[in-house]
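# Understanding the architecture of this molecule
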Amino acid sequence: QVQLVESGGGLVQAGGSLRLSCVASGRTFSRYAMAWFRQALGKQREFVAGITWSGGRTYYSDSVKGRFTISRDNAKNTVYLQMNSLKPEDTAVYYCNTDPPTGVWGQGTLVTVSS
């Protein structure tokens, strides 16, 4: 069974940056497209950014395009999300998963952006 462990969240002022990491185990990580999702308080979980198994293509939601960058290191079974120019509306719990996602989610990592 896949296990996903997210880290790197925290409190940051608007305009600041954070780098999230997600370590996956339990399946052949490099075979799968991976993605970041987020869920703000009282809202549904939404897609943020995705990356193909090889890392050759990335894709983003319109709300983060140009500010966030997803990457992966298959040797380390890790996917990253570099978040720049953060806004208060980016405040959420961030999760990683395969794309499309499995039904198993990690605990997520909380990102709080203050205005």
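Residues numbered from 1 in each chain as written. Predicted model: local features only at pLDDT ≥ 70, side-chain atom pairs only at ≥ 80, totals over all residues. Heavy atoms only, no water.

For the rest of this paragraph, the subject is the nonpolar core. Residues W36, V79, L81, M83 and Y94 are the most contacted members of the largest nonpolar core, which totals 26 residues. The set of elements that each furnish at least two residues to this core consists of β3 (18–25), β4 (34–39), β5 (46–51), β7 (68–73), β8 (78–83), β9 (92–98) and β10 (109–114). Looking at this core, the element that brings in the most residues is β3, giving four residues. The residues contacting V79, other than those within four sequence positions of it, are L20, S21, C22, F29, M34, W36, I51, I70, S71, R72 and C96. (Core = buried A, V, L, I, M, F, W, Y, C linked by side-chain atoms within 4.5 Å. Buried < 20%, exposed > 50% of the residue type's maximum accessible area, 1.4 Å probe, protein only. Helix = DSSP H or I, 4+ residues; strand = E, 2+ residues; numbered from the N terminus. Contact = heavy atoms within 4.5 Å.)

With that settled, the discussion passes to the environment of F37. For F37, the position within the fold is in strand β4. Under the relative-accessibility criterion, F37 is labelled buried at 8%. With 16 residues separating them along the chain, F37 and W53 place their C-alpha atoms 17 Å apart. For F37, the residues in contact, after removing those within four places along its chain, are R45, E46, F47, V48, V93, Y94, Y95, N97, T98, P101 and W105.

It is worth spelling out the pairing of β7 at this point. The side chains of a regular strand alternate between the sheet's two faces. Residue alternation in β7 divides its side chains into a buried set, F68, I70 and R72, and an unburied set, T69, S71 and D73. Judged from the six bridges that link them, β7 and β8 form a sheet pairing that is antiparallel. Paired with I70 across the strands is L81, a residue of β8. Adjacent in sequence and paired antiparallel, β7 and β8 are bridged by four residues, among which N77 carries a positive phi angle near 50°. (Pairing = 2+ DSSP bridges.)

Turning to the sheet that holds β9, a few remarks are in order. The six strands lie next to each other as β2-β10-β9-β4-β5-β6, forming an open sheet whose pairing is mixed. The open sheet has two edge strands with one neighbour each: β2 (10–13) and β6 (58–60). The mean inter-strand angle of the sheet, taken between neighbouring strand axes irrespective of direction, is 25°. Note: β2 against β10, four bridges, orientation parallel. Opposite G10, over in β10, you have V111 as the bridge partner. (Axes fitted to C-alpha atoms, helices over the stretch in contact; angles between N-to-C directions.)

A separate point is the sheet that holds β8. Spatially, the four strands line up as an open sheet ordered β1-β3-β8-β7, and their pairing is antiparallel. The open sheet has two edge strands, β1 (3–7) and β7, and neither has a second partner. Ignoring strand direction, the axes of neighbouring strands in this sheet form an average angle of 15°.

For the rest of this paragraph, the subject is the packing of aromatic side chains. The final tally for this structure, using the stated rule, is four aromatic pairs. A ring pair is formed by F37 and F47, whose centres lie 6.0 Å apart and whose planes are at 75°; its orientation type is edge-to-face. In this pair, F37 is assigned in strand β4 and F47 in strand β5, connecting sequence segments 10 residues apart. We classify F47 as partly exposed; its relative accessible area is 27%. An aromatic cluster of three or more residues is present, and its members are F37, F47, Y59, Y95 and W105. It is R45 that lies over the ring of Y95; its NZ or CZ is 4.3 Å from the centre. (Phe/Tyr/Trp six-rings, centres within 6.5 Å; stacked < 30°, edge-to-face > 60°. Lys NZ or Arg CZ within 6 Å of the ring centre and 35° of its normal.)

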